[in-house]
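Secondary and tertiary structure notes
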Amino acid sequence: MTTKCRFCGTNLQHVFCNLGMSPVSNAYLKQEQLQHEEPFYPLCAYVCQSCYLVQLQAFQNSQSIFTDYAYFSSYSDTWLEHAKAYTEYMIERFKFNSSHHIVEIASNDGYLLQHFKTRDIPVLGIEPAENVAKVAKSNGIPSLIKFFGQKTAIELIRKNQQADLLIGNNVLAHVPDLNDFVKGLKILLKPEGIITMEFPHLLQLMKKNQFDTIHHEHFSYFSLLTVEKVFAQHGLILFDVEEISTHGGSLRIFAKHQENSNQPILESVNILKQYELQRGLADLPTYLGFSEKVKKTKRQLLDFLITAKRTEQSIVGYGAPAKGNTLLNYCGIRRDFIDYTVDRSPHKQGLFLPGTHIPIYSPNNIKKTKPNYLLILPWNIKDEIIKQMAFIRTWGGKFVIPIPQIEVLP
Ligand SMILES: [Zn+2]
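The residue numbering used here restarts from 1 in each chain and proceeds along that chain's sequence as written. The predicted nature of this model means local features are confined to residues of pLDDT at least 70 and side-chain atom pairs, given and counted, to a pLDDT of 80 or more, with totals for whole chains, interfaces and linings taken over all residues. Neither water nor hydrogens contribute to the side-chain values; these are computed over all heavy atoms in the structure.

1. Digging into the overall build of the protein
The secondary structure content of the protein amounts to 14 helices and 17 strands. Within these notes, the globule rule equals 2.2 Å times the number of residues to the 0.38 power, and the radius of gyration is based on C-alpha atoms. Against the 2.2 N^0.38 benchmark of 22 Å for 410 residues, the protein shows a C-alpha radius of gyration of 22 Å, consistent with a compact globule. By its C-alpha atoms, the protein is 65 × 50 × 40 Å across when sized along the principal axes. Computed by Shrake-Rupley with a 1.4 Å probe, the accessible areas treat only the displayed protein chains as cover when residues are assessed. When the accessible surface of the protein is summed, it comes to about 17800 Å², and 51% of that surface belongs to carbon and sulfur atoms. Secondary structure elements are taken from DSSP: a helix is a run of H or I of four residues or more, a strand is a run of E of two residues or more, and numbering for both begins at the N terminus.

Following this line, the structure appears as structure tokens:
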């Protein structure tokens, strides 16, 4: 079967990283589902030899992934603070006020737009997951329950809803039809409007060996070099870029219409592009070398777990993030190694991880069973977790960080 590049249409011939067959990472299971058949899909990322977009094929239609999405942004403290800081920064820098119109794509439960709204700036959220959009609406955030693309953009223009600021945080990577989405941005943006998008930075994924951030709902993995090409193709120019720490290292890009001469193009764009070139992100062999690093990490993690079990040590997981599911399924780690995992979200407690069927309990369980090791799956917030769980040291418990390579901390 030939697969074409989601952006430029080139036939994809090169594997970036093959993580085998894996269930969809947010498909947590109830007890009664454990006896049933569970769909597994190939989790194989390709790199396009023409535009260097790293990408997965879309196996599930987005409808079934997003219409009843279990993730509510409002449940993560770090993420809420990030959203608030962003809105303050944007208002300060670009002087948004009540005469402007701000549109956010994948606006979730309105956790970000609420900060613009309290400053009397008109907002509109676009959110495909109905259950989540309803929460936003009940909090007074106008929300349109739709996927975003050209069609939705045209609809909004007819309703006079063109945007002075178009926001997309963690949506660009999740879009199956990338060109249709970016065309939609071009259509919906006012002549002097600004777009900001945030997404995990491919350079960081490669540098820090974050292969576990590859999962089925995350279709595209961008470098600045590639995202710039995608936007340029649709008449949008990047005029600034910032490296931010969310999700293990992300980019925030600032874009405008090609025709808009108001915003000068800042040096930051060129500096980061030069850095990516230096790191080989425009050379195919750089991408082809990544697979071996991933296999090595798997062997090291399994070595550690096997040795620990041989010496009758107990291991418990912390967290039930998408990245944990990728890691555990790829490495074949089930209850033979991990007794259970814990999560602060009451929505996940009592469920089981997809594929590996590891049960998810409340963090209180850790005090009861006193494990020797706590394997931290959401390594991006490891400092926060180590602080919260410092009490495991009272019985000699140790923390295990699996990525970028296994590390055991007393
Ligand atoms: Zn391509």
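2. Re the coordination of the zinc ion
Only nitrogen, oxygen and sulfur atoms qualify as donors, provided they sit within 2.8 Å of the metal or within 3.2 Å for Na, K and Ca; with water excluded from the atoms, sites may seem incomplete. With distances of 2.2 to 2.3 Å, the protein atoms coordinating the zinc ion are Cys5 (SG), Cys8 (SG), Cys48 (SG) and Cys51 (SG). Linear spacing of the donor residues for the zinc ion on their chain is C-x2-C-x39-C-x2-C. You can see cysteine 5 sitting in the segment before strand S1 (14-22) and its partner cysteine 48 sitting in the loop between strand S2 (41-47) and strand S3 (54-55), a full 43 residues away along the chain.

3. Here we look at the packing of helix H11 (residues 290-310) against helix H12 (residues 322-331)
Helix axes are fitted to C-alpha atoms over the stretch in contact, other axes to C-alpha atoms as well, and angles between N-to-C directions run from 0 to 180 degrees. Contact pair H11 / H12: the axes reach a minimum separation of 10 Å and the direction vectors enclose 80°. For the element pair H11 / H12, the angle class is roughly perpendicular. Contacts between H11 and H12 involve Val294, Lys295, Lys298, Leu301 and Leu302 from the former and Leu327, Tyr330 and Cys331 from the latter. As a working rule, the residues Ala, Val, Leu, Ile, Met, Phe, Trp, Tyr, Cys and Pro are called nonpolar, Asp, Glu, Lys and Arg charged, and the rest polar, with Gly in that last group. Of the residues in the contact of H11 with H12, the class split is 6 nonpolar, no polar and 2 charged. Here is the rule for angles: anything less than 35 degrees is roughly parallel, anything more than 145 is roughly antiparallel, 65 through 115 is roughly perpendicular, and the remaining ranges are oblique. Contact between two residues is taken to exist if any of their heavy atoms lie within 4.5 Å; hydrogens are not considered.

4. Focus on the sheet that holds strand S10 (residues 236-244)
At least two bridges found by DSSP between two strands are what make those strands a pair. With mixed pairing, 7 strands are arranged side by side in an open sheet as S6-S5-S4-S7-S8-S11-S10. Every other strand in the sheet has two partners, leaving strand S6 (143-144) and S10 as the edge strands with one partner each. Looking at chain direction, strand S4 (residues 102-105) and strand S5 (residues 123-126) are connected through 4 bridges and run parallel. In the sheet register, valine 103 faces S5, and the bridge partner there is leucine 124. Along the sheet face, helix H6 (residues 178-188) touches S4, strand S7 (163-169), strand S8 (189-200), S10 and strand S11 (250-257) and points at about 145° away from the line of S8.

5. Focus: the domain arrangement of the protein
Delimitation of the domains relies on an automatic or database domain assignment. Here the protein is described as being made up of domain 1 (65-287) and domain 2 (291-409). In this structure, domain 1 and domain 2 have C-alpha centres spaced 31 Å apart. Put simply, buried area is how much 1.4 Å-probe accessible surface two parts lose in total, over both of them, once they are put together. With both chains or domains summed, domain 1 and domain 2 bury close to 1300 Å², and 57% of this area falls on carbon and sulfur atoms. Here a polar contact is recorded for every N or O atom pair within 3.5 Å, except that within protein the pair must consist of a potential hydrogen donor and a potential acceptor, and residues adjacent in sequence are included only if both atoms are side-chain atoms. Here domain 1 and domain 2 share 5 residue pairs in polar contact (both at pLDDT 80 or more) between them. Considering only residue class, the side of domain 1 that touches domain 2 consists of 4 nonpolar, 7 polar and 4 charged.

6. Examining the pattern of salt bridges
Each salt bridge in this description consists of a side-chain nitrogen of Lys or Arg and a carboxyl oxygen of Asp or Glu lying within 4 Å of one another. One pass over the structure, following the stated rule, counts 12 salt bridges. Residues glutamate 242 and arginine 93 are paired through a salt bridge, measuring 3.9 Å at the closest nitrogen-oxygen approach. One end of the pair, glutamate 242, is in strand S10; the other, arginine 93, is in helix H2 (residues 77-94), with 149 residues separating them in the sequence. Salt bridges sharing partners connect three or more residues here, namely Arg93, Glu198, Asp240, Glu242 and Arg252.

7. Re helix H5 (residues 150-158)
Listed in full, the buried residues belonging to H5 are Thr152, Ala153 and Leu156. Burial along H5 is one-sided: seen end-on, the buried residues are contained in an arc of 100°. Projecting away from the buried face of H5 at angles above 90 degrees are the exposed residues Lys151 and Arg158. Turning to H5, the residues buried within the fold contact S5, S6 and H6. One or two steps after H5, the chain reaches asparagine 160, where phi turns positive at roughly 65°. To sort residues, take the accessible area from a 1.4 Å probe on protein chains only and compare it with the maximum for the residue type: under 20% means buried, over 50% means exposed, and anything in between is partly exposed. This arc describes the spread of directions from the helix axis toward the C-beta atoms.

8. Thoughts on the side chain of glutamate 217
Among the structural elements, glutamate 217 can be located in the loop between helix H7 (202-207) and strand S9 (220-221). When charges are counted, Lys and Arg are positive and Asp and Glu negative, with His and the chain ends excluded. Lysine 348 provides the closest opposite charge to the buried, unpaired glutamate 217, separated from it by 11 Å. A polar contact is formed between the side chain of glutamate 217 and the side chain of histidine 215, at a distance of 2.7 Å.

9. A word on the environment of alanine 163
Assignment of secondary structure puts alanine 163 in strand S7. Along the sequence, alanine 163 and proline 191 sit 28 residues apart, while their C-alpha atoms lie 9.2 Å from each other.

10. A look at empty space enclosed by the protein
Points on a 1 Å grid over protein atoms alone make up a cavity when a 1.4 Å probe fits among them but cannot get out, and a pocket when they form an open set with protein on both sides within 12 Å along at least five of seven lines; lining residues each have an atom within 4 Å of a point. Grid points are joined across faces, edges and corners, and a volume is the space filled by probe spheres set on the points. Following the criterion strictly, the structure yields 2 cavities of 30 Å³ or more and no others. When its volume is computed, the second largest cavity comes out at roughly 30 Å³. Lining the second largest cavity are Ser22, Pro23, Val24, Ser25, Leu43, His215, His216, Asn325 and Thr326. Split by residue class, the lining of the second largest cavity holds 3 nonpolar, 6 polar and no charged.

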